[in-house]
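Coordinates in review
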Amino acid sequence: MANTLARFKKYTDKLDEVYQNAAVTAVLDGDGALVQMGANAGEMVIPKISMDGLADYSRSGGYVAGDVTLSSETVQFHYDRGRVFTVDAMDDEETAGVAFGRLAGEFVRTRVAPEMDAFRFAAYASHSGIGKKAGRLSGGDEVLAALLEGQNAMDDAEVPEEQRYLFINPGLYNLILNVDTTKSKAVLDSFQEVIKVPKSRFYTQITLHDGSTEGQTAGGFSKGEAAQEINFLIVHKPAVLQYPKHTVNKIIAPQDNQTSDGWKFFYRAYGLADVYENKAAGVYLHSVA
């Protein structure tokens, strides 16, 4: 698809940008040093440990022998997306450098970040072992009650209180603010951080467009056919596997371009978003029924 660039003689340094938040899930990125790569490309090995509990001590026989097992789980990287853009050197010059100068930043902010957020939320929300509740929330008191129910479910499952992040629909967050200040503040302060998520990237399922099939050439993502809108998602950070393993963001100048007289911008994101098998209780979903 050819680029469409408007030429102009006079310009300002103010670009008519699209309003878009950066990735709101970045706070959940894990430390890649804590895991080792798998034997095959595209996989990662996660260590797991299990052990027996206490047993009766006998004054004659002493201790009862227990078993401890250190095993590993192999998970597959399942997010591999990319794009390349070419902007002719003269197009860039005749648009005062705006065409290419702002391309990289705008692409990451308005295309990459929303898709990565949507992919991660859908991956966590669709995991079979997490806590789930569905229903419409119409008032601040209902939202607070639902949040407390989610917190209680995690407490009962002995999920640590630290590092619990609340991702919530902005409309519901604003409903909370209309409730008694002391009550709402107490609930919101119980989370490590409260992050508002735009509705357009907050679904239980999404469809990633491949960029080449008819009807999908624009790339990006859309709401899945069986998707539900998410009201809020509580995530205990240690419960999720979120690793952006490989991110390529490179530029080739016209003088180094072997195929055309143009600037080339490459972007590739390769990573993983999943929930630990034994820590599924650390994710709680409340979606619209």
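Just so you know, these numbers come straight off a predicted model, no measurement behind them.

Let us look at the side chain of asparagine 169. Summarising the element assignment, asparagine 169 is placed in the loop between β6 (164-168) and α5 (170-177). A residue is classified by how much of its surface remains accessible, and asparagine 169, at 16% relative accessible area, is buried. Here glycine 171 takes part through its backbone nitrogen, which lies 2.7 Å from a polar atom of the side chain of asparagine 169. In contact with asparagine 169, other than residues within four places in its own chain, are Val197, Lys199, Phe202, Ile230 and Asn231.

Moving on to the environment of isoleucine 168. With respect to the helices and strands, the residue isoleucine 168 is situated in strand β6. Sequence separation of isoleucine 168 and proline 198 is 30 residues, and the distance between their C-alpha atoms is 8.6 Å. Dropping the residues within four chain positions of it, isoleucine 168 is found in contact with Val143, Tyr173, Ile176, Val194, Ile195, Lys196, Val197, Phe202, Asn231 and Phe232.

Those residues of helix α6 (residues 181-188) that sit buried are Ser184, Val187 and Leu188. The arc that holds the buried residues of α6, viewed along the axis, is 95°, so those residues lie on one side. Pointing more than 90 degrees away from the buried face of α6 are the exposed residues Thr182 and Ala186. Of the surrounding elements, those touching the buried residues of α6 are α4 (140-156), β6, α5 and β7 (193-196).

Taking 1.5 Å per residue, 23 residues should reach 33 Å; helix α3 (residues 103-125) reaches 32 Å between its end C-alpha atoms and fits that length. At valine 112, α3 shows its largest kink, close to 35°, and the proline proline 114 lies no more than four residues downstream. With 19 of its 23 residues buried, α3 lies for the most part within the structure.

Time to look at a nonpolar patch on the surface. Together, Ile49, Met51, Val68 and Leu70 make up an exposed nonpolar region whose accessible area comes to about 470 Å². Mapped onto the secondary structure, methionine 51 falls in strand β2 (residues 43-51).

Turning our eyes to something else, we now look at the confidence of the model for the protein. Caution applies to low-pLDDT regions: their predicted coordinates should not be interpreted in detail. For the protein, mean pLDDT is 86; residues scoring 70 or higher make up 86% of the total. The low-confidence segment residues 5-16, where pLDDT is below 50, has 16 contacts with residues more than four positions distant or belonging to other chains.

What follows is about the sheet that holds strand β12 (residues 262-275). One open sheet accounts for three strands, arranged β4-β12-β11; its pairing is antiparallel. Looking at the sheet topology across the chains shown, the edges are occupied by β4 (79-88) and β11 (240-252). The mean angle between the axes of side-by-side strands here comes to 10°, regardless of whether they run parallel or antiparallel. Both β11 and β12 contribute to a ladder of 11 bridges, which runs antiparallel. Paired with valine 240 across the bridge in β12 is valine 275. Along the sheet, α3 makes contact with β4, β11 and β12, crossing β12 at roughly 15°.

Throughout the structure, instances matching the rule amount to 10 aromatic pairs. Judged by centre distance (5.1 Å) and plane angle (75°), the ring pair of phenylalanine 85 and phenylalanine 107 falls under edge-to-face. You can see phenylalanine 85 sitting in strand β4 and its partner phenylalanine 107 sitting in helix α3, a full 22 residues away along the chain. Taking relative accessible area as the criterion, phenylalanine 107 reaches 13% and is therefore assigned buried. On the numbers, 6.0 Å between centres and 80° between planes, the contact of phenylalanine 107 with phenylalanine 265 is edge-to-face. Residue phenylalanine 107 is found in helix α3, and its partner phenylalanine 265 is found in strand β12; the two are separated by 158 residues along the sequence. This pair shows no difference in class: phenylalanine 107 is buried, exactly as phenylalanine 265 is. Above the face of the phenylalanine 266 ring, lysine 250 is positioned so that its terminal group lies 5.0 Å from the ring centre. The ring of tyrosine 276 carries lysine 279 above its face, with NZ or CZ at 5.0 Å from the centroid.

What counts, and at which threshold
- Residues numbered from 1 in each chain as written.
- Predicted model: local features only at pLDDT ≥ 70, side-chain atom pairs only at ≥ 80, totals over all residues.
- Heavy atoms only, no water.
- Helix = DSSP H or I, 4+ residues; strand = E, 2+ residues; numbered from the N terminus.
- Buried < 20%, exposed > 50% of the residue type's maximum accessible area, 1.4 Å probe, protein only.
- Polar contact = N/O pair within 3.5 Å; in protein donor to acceptor, adjacent residues only side chain to side chain.
- Contact = heavy atoms within 4.5 Å.
- Arc of directions from axis to C-beta.
- Expected span 1.5 Å × (residues − 1).
- Bend = angle between axes of the 7 residues up to and from the residue.
- Patch = residues over 30% accessible without salt bridge, like charges linked within 9 Å, V, L, I, M, F, W, Y side chains within 5 Å.
- Areas by Shrake-Rupley, 256 points an atom, 1.4 Å probe, with all protein chains shown as cover.
- Salt bridge = Lys/Arg side-chain N within 4 Å of Asp/Glu carboxyl O.
- pLDDT = per-residue confidence, 0-100.
- Pairing = 2+ DSSP bridges.
- Axes fitted to C-alpha atoms, helices over the stretch in contact; angles between N-to-C directions.
- Phe/Tyr/Trp six-rings, centres within 6.5 Å; stacked < 30°, edge-to-face > 60°.
- Lys NZ or Arg CZ within 6 Å of the ring centre and 35° of its normal.

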